[in-house]
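Geometric and topological summary
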Amino acid sequence: MDIVRFREDVWGREVLLGISWDWLWVVLALTFTAIIVHLLIMAFLRKEPRPSAAGKRLQRHDGFDRLFHWVMAISVLVLLATGIMPVLGIDFAWLTIHWVAGLILTAAVIIHVVRAVFFQGISSMVVTGEDLREPFDTTVKPGKYSLAQKGMHHAMTGLVLLVIVTGLALFAVMDTPWWERSNALSEATLGWVFVLHGLSTLGLVGLTALHVYFALRPEKRFYTRSMVSGWISEGEYSANHDPARWMPDETA
Amino acid sequence: MTAHDVMPDIELFQPVTVEDASAIAARLNGQGWILAGGQDTYGWLKDRAKSASAMIDLAAIEELQGISETASGISIGAMTTLRDVSRNPLIIERFPILSQAASRVASPQIRNQGTLGGNLAQDTRCWYYRRGLSCYRAGGNLCYADTPTSMNREHAIFGASRCVAVSPSDTATALVALDATMVIANGDGEKRVPAEKFFLGPAVNITHMTILRPGDILTRVEVPDTWAGAESYFEKVADRDVWDFALVSIAAVMKTNAGVIRDSRFVCGAVECVPHRLTAVERALRGQPRNEQTADSVAGLASAGARTLNHNQYKVPLVENLVRRALRT
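None of the values given here were measured: they were computed from a predicted structure. (Residues numbered from 1 in each chain as written. Chains lettered and ligands numbered in written order. Predicted model: local features only at pLDDT ≥ 70, side-chain atom pairs only at ≥ 80, totals over all residues.)

1. Brief notes about the overall build of chain B
Our working rule: Each helix is a run of DSSP H or I of at least 4 residues and each strand a run of E of at least 2, with the numbering of both proceeding from the N terminus. What the globule rule says is 2.2 Å times the number of residues to the power 0.38, and the radius of gyration is computed from C-alpha atoms. Here a residue counts as buried when 20 or more other C-beta atoms fall within 10 Å of its C-beta, as exposed when 12 or fewer do, and as partly exposed in between; the C-beta atoms come from the backbone. Contact between residues is assigned whenever the C-beta positions, reconstructed from backbone atoms, fall within 7 Å.
For chain B, the helix and strand inventory stands at 13 helices and 12 strands. In terms of overall dimensions, chain B is globule-like: its C-alpha atoms have a radius of gyration of 20 Å, near the 20 Å expected for 329 residues. Projecting the C-alpha coordinates of chain B onto the three principal axes gives extents of approximately 60 × 55 × 35 Å. Looking at the 329 residues of chain B, the share that counts as buried comes to 50%. Considering only contacts in chain B between residues 6 or more positions apart, those separated by 24 or more positions represent 64%.

Now the structure itself:
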């Protein structure tokens with residue numbers, strides 16, 4: 001299995017082209033192995049009673065955050081589909097859809113970052129010492145987000161920022177409705193940009209699959225519901241969160 | 001680039017049935033190069049820009065040869081030589097643009113050896129790509145033909161997406177105009193594809209010019225009688241009359257009634273990576289008389305949406321003038 005793709009050009013030079021797509025199968029195999037192992041572990045663990053969704057509703061995500069989450073989610077899924085399907089031999093005119101989805105993701109991420117940093121504060125997403133005790137002490141309950149959720153968010157953030165930066169670099173040198181193709185990036189630089197773009201894509205494939213898996217798990221489904229409707233019940237809140245670390249602002 | 005006077009070491013298969021050829025191609029799993037007349041293939045091999053460890057020569061498969069009449073038109077075996085296509089009385093009578101297109105391919109020697117299937121499935125002639133540069137079409141990340149200093153006189157004015165190469169096939173334009181069907185065999189059986197969908201632009205697949213994939217064999221081309229006997233026009237403009245690829249070509253068929261065009265298909269070659277249908281022209285012609293005035297009124301539509309490169313602006317008036325010439329009675 002190759003690590004990266006090379007091609008020997010007419011002068012006998014090795015030209016770096018990008019990441020080897022053999023890694024896609026490795027990532028998929030590792031991801032689905034992790035999911036199966038988790039499924040087996042959860043099947044053997046004692047089932048905790050799930051809190052009721054009935055009762056008072058507490059706001060977890062406001063409408064603006066939910067909208068941006070789904071815009072980013074759809075953009076990432078479209079980017080992955082349009083980026084990977086041609087690699088798998090499924091032919092269609094993917095490039096325009098790909099860069100349009102990339103621009104939408106870029107805009108959504110910029111708005112999200114500005115809103116989170118300057119208007120909402122990032123304290124709820126910072127990993128604290130208390131968070132690190134969560135896996136080892138069942139009495140420790142998280143604030144708004146668990147350690148796993150923060151880890152997923154930060155990993156996703158890193159990969160999305162990398163895919164955006166490399167994607168914009170590639171976008172800058174191709175034909176668009178606003179400018180014509182340029183040779184601003186050398187062949188070697190382009191190769192490295194494609195390696196990083198491909199690496200972040202592979203990371204996103206694994207993380208997205210895990211994210212969807214956890215979103216569909218029965219004990220986590222109320223979080224998914226809250227990303228659609230905005231609320232969790234009082235019972236779900238008290239069973240999963242420490243009121244001292246997170247107090248929902250208002251009743252949904 | 002060094003050219004070599006000896007062939008590289010290649011395992012040669014010479015099946016006598018399409019089934020055997022398909023089975024060999026499937027067994028070689030994409031490593032078997034399908035060989036028709038060899039006029040495109042041997043250039044690649046000689047220049048060492050592409051190589052093959054195994055080759056499946058279709059020359060001995062009789063069912064791929066010849067031209068026959070069917071209930072709905074004619075069927076042309078993919079291994080039929082271009083000479084035979086150009087001289088066949090049935091084709092000359094019913095589909096003269098196909099005969100004319102075949103007769104304008106390369107040179108008499110090449111038409112004696114080259115096949116219809118090979119002419120349709122041949123690779124582009126972009127010299128940056130043929131020279132072995134790691135361009136988009138070769139799986140790389142750049143186009144060497146679309147830069148401020150590139151030699152791109154022969155390249156695309158329509159449908160470029162990163163790659164600006166054009167389809168070099170003369171017969172492709174005629175067969176798209178005639179609404180032909182390509183019949184493709186592989187291990188799973190047979191599939192039939194409209195000629196227009198047989199060719200792929202770079203937006204859809206930047207490394208393949210047709211939908212043929214490893215294991216696929218183009219077995220025959222079926223030309224329906226839909227456009228048999230229709231008024232038609234074919235012209236290929238090239239730097240030389242013999243042994244040259246088109247700068248621009250046009251294949252047009254028109255059904256007329258008392259001099260008024262009821263329906264038509266206009267296709268240009270060498271302006272896009274696929275045969276370029278002039279659908280705006282076709283729409284505008286419906287119900288119009290075939291004359292000089294109509295020609296002038298629709299010619300501009302033929303070049304709408306063209307995006308030229310540094311050295312191929314001349315293709316815009318050339319396309320328009322070929323449409324004018326096709327419409328002159």
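2. Looking at the nonpolar core
Condition: Only buried residues count toward a nonpolar core: Ala, Val, Leu, Ile, Met, Phe, Trp, Tyr and Cys, linked into one set through C-beta atoms within 7 Å. Each domain's extent was defined by an automatic or database domain assignment.
Counting 106 residues, the largest nonpolar core has B:Leu98, B:Leu178, B:Ile250 and B:Val323 as the members making the most contacts within it. Lining this core are residues from two domains, each supplying at least three of them: domain 1 (11-59) and domain 2 (68-122 + 165-327) of chain B. Sequence-distant contacts of B:Ile250, defined by excluding residues within four places in its chain, comprise B:Tyr233, B:Phe234, B:Glu235, B:Phe266, B:Cys268, B:Leu322, B:Val323 and B:Ala326. Counting residues in each nonpolar core, the second largest holds 10 residues, with A:Leu159, A:Val160, A:Val163 and A:Leu204 among its members.

3. Some remarks on unusual backbone geometry
Residues and elements named next belong to chain B. A positive phi angle, near 50°, is found at Asn 29, a position not held by glycine. Note that Asn 29 resides in the loop between α1 (18-28) and β2 (32-35). A positive phi angle is found at Arg 48, which is not glycine, with a value near 60°. As for its position among the elements, Arg 48 is in the loop between α2 (41-47) and β3 (54-57).

4. Observations concerning the confidence of the model for chain B
Quick note on the threshold: A residue's pLDDT is simply how confident the predictor is in it, with values from 0 to 100.
Looking at chain B, pLDDT values average 95 and 98% of them are 70 or higher. For this predicted complex, the interface score ipTM comes out at 0.87, while the overall pTM is 0.91.

5. Here we look at the sheet that holds strand β6 (residues 181-186) of chain B
Residue and element names in this part refer to chain B. The condition is simple: Following DSSP output, two strands are said to pair if at least two bridges run between them. Where helices are involved, their axes are fitted lines through C-alpha atoms of the stretch in contact, as for all axes, and angles between N-to-C directions lie from 0 to 180°.
Read across the open sheet, the 5 strands follow the order β4-β5-β8-β6-β7; overall the sheet is antiparallel. Sheet topology places β4 (67-69) and β7 (189-194) at the edges, where each strand pairs with a single neighbour. Averaged over all pairs of adjacent strands, the angle between their axes in this sheet comes to 25°, without regard to strand direction. For β6 and strand β8 (residues 217-224), the ladder comprises 5 bridges, and the chain directions are antiparallel. Looking at the pairing, Thr 181 lines up with Glu 222 of β8.

6. Some words on the domain arrangement of chain B
Residues and elements named next belong to chain B. Along its sequence, chain B is organised into domain 1 (11-59) and domain 2 (68-122 + 165-327). Placing a centre on the C-alpha atoms of domain 1 and another on those of domain 2 gives a separation of 26 Å. Domain 1 puts 15 residues into the contact, and the matching count from domain 2 is 16 residues. No other element matches α1, which puts 6 residues into the side of domain 1 that touches domain 2.

7. So, the sheet that holds strand β12 (residues 276-277) of chain B
Residue and element names in this part refer to chain B. Judged by pairing direction, the sheet is antiparallel, and its 4 strands sit side by side in the order β9-β10-β11-β12 without closing on themselves. Pairing within the sheet leaves two strands with one partner each, and these edge strands are β9 (231-237) and β12. Of the strands in this sheet, β9, β10 (248-257), β11 (260-269) and β12 are in contact with helix α9 (residues 170-177), which crosses β11 at around 155°. Running over the sheet, helix α13 (residues 315-327) touches β9, β10 and β11 and is turned about 30° from β10.

8. Here's the deal with the interface of chain A and chain B
Rules: All residues other than Ala, Val, Leu, Ile, Met, Phe, Trp, Tyr, Cys, Pro, Asp, Glu, Lys and Arg, Gly among them, are scored as polar; the first ten of these are nonpolar and the last four charged.
With 16 residues of chain A in contact, the opposing surface of chain B contributes 18 residues. Going through the elements one at a time, β2 (14-19) and α6 (187-216) of chain A are the ones with two or more residues in the side of chain A that touches chain B. Here the side of chain A that touches chain B gets 4 residues from one element, more than from any other, and that element is α6(A). Here the side of chain A that touches chain B is composed, by residue class, of 9 nonpolar, 2 polar and 5 charged.

9. A short note on the pairing of β10(B)
All names here are of chain B. Burial analysis of β10 places 7 of its 10 residues in the buried class, the great majority of the element. Of the pairings in the sheet, the one linking β9 to β10 comprises 7 bridges and is antiparallel in character. Paired with Val 237 across the bridge in β10 is Val 248. Relative to β11, β10 runs antiparallel, the two sharing 9 bridges. In the strand pairing of β11, Val 253 is matched with Arg 265.

10. A short note on the packing of helix α5 (residues 96-103) of chain B against α9(B)
All names here are of chain B. Test applied: Reported orientations rely on four angle classes, namely roughly parallel under 35 degrees, roughly antiparallel over 145, roughly perpendicular from 65 to 115, and oblique for the rest.
Where α5 contacts α9, the two axes come as close as 8 Å, and the packing angle between them is 170°. The angle between α5 and α9 places the two elements in the roughly antiparallel class. Across the interface between the two elements, Ile 97, Leu 98, Ala 101 and Ala 102 from α5 touch Asp 170, Thr 171, Thr 173, Ala 174, Leu 175 and Ala 177 from α9. A class-by-class count of the residues in the contact of α5 with α9 yields 7 nonpolar, 2 polar and 1 charged.

11. Topic: the environment of B:Asp123
Residues and elements named next belong to chain B. Structurally, Asp 123 is set in the loop between α7 (116-121) and α8 (127-130). Sequence separation between Asp 123 and Ala 284 is 161 residues, and the spatial gap between their C-alpha atoms is 33 Å. Ignoring sequence-local partners within four residues, the contact set of Asp 123 consists of Asp 40 and Met 209.

12. A look at the pairing of β6(B)
The side chains of a regular strand alternate between both faces of the sheet. Residue and element names in this part refer to chain B. Among the 6 residues that make up β6, 5 are buried, leaving the element largely enclosed by the rest of the structure. When β6 meets β7, the two strands line up antiparallel, connected through 6 bridges. What sits directly across from Ala 185, in β7, is Glu 190. Hairpin connection, β6 to β7: the antiparallel pair is bridged by 2 residues.

13. Some details on α5(B)
Where burial is concerned, most of α5(B) is hidden: 6 out of the 8 residues are buried. Buried within α5(B) are the following residues: B:Ile97, B:Leu98, B:Ser99, B:Gln100, B:Ala101 and B:Ala102.

14. Let's talk about the packing of helix α2 (residues 63-84) of chain A against helix α3 (residues 95-120) of chain A
Residue and element names in this part refer to chain A. Inclusion rule: In this scheme the handedness of a crossing depends on how the near helix is turned from the far one: anticlockwise by less than a right angle means left-handed, clockwise means right-handed.
Between α2 and α3, the least distance of the axes is 9 Å, while the angle of their chain directions is 150°. Put simply, α2 runs roughly antiparallel to α3. The handedness of the crossing between α2 and α3 is left-handed. Together, Phe 68, Val 71, Met 72, Ser 75, Val 76, Val 78, Leu 79, Thr 82 and Gly 83 of α2 and Ile 97, His 98, Ala 101, Gly 102, Ile 104, Leu 105, Ala 108, Val 109, Ile 111 and His 112 of α3 make up the contact between the two elements. Here the contact of α2 with α3 is composed, by residue class, of 13 nonpolar, 6 polar and no charged.

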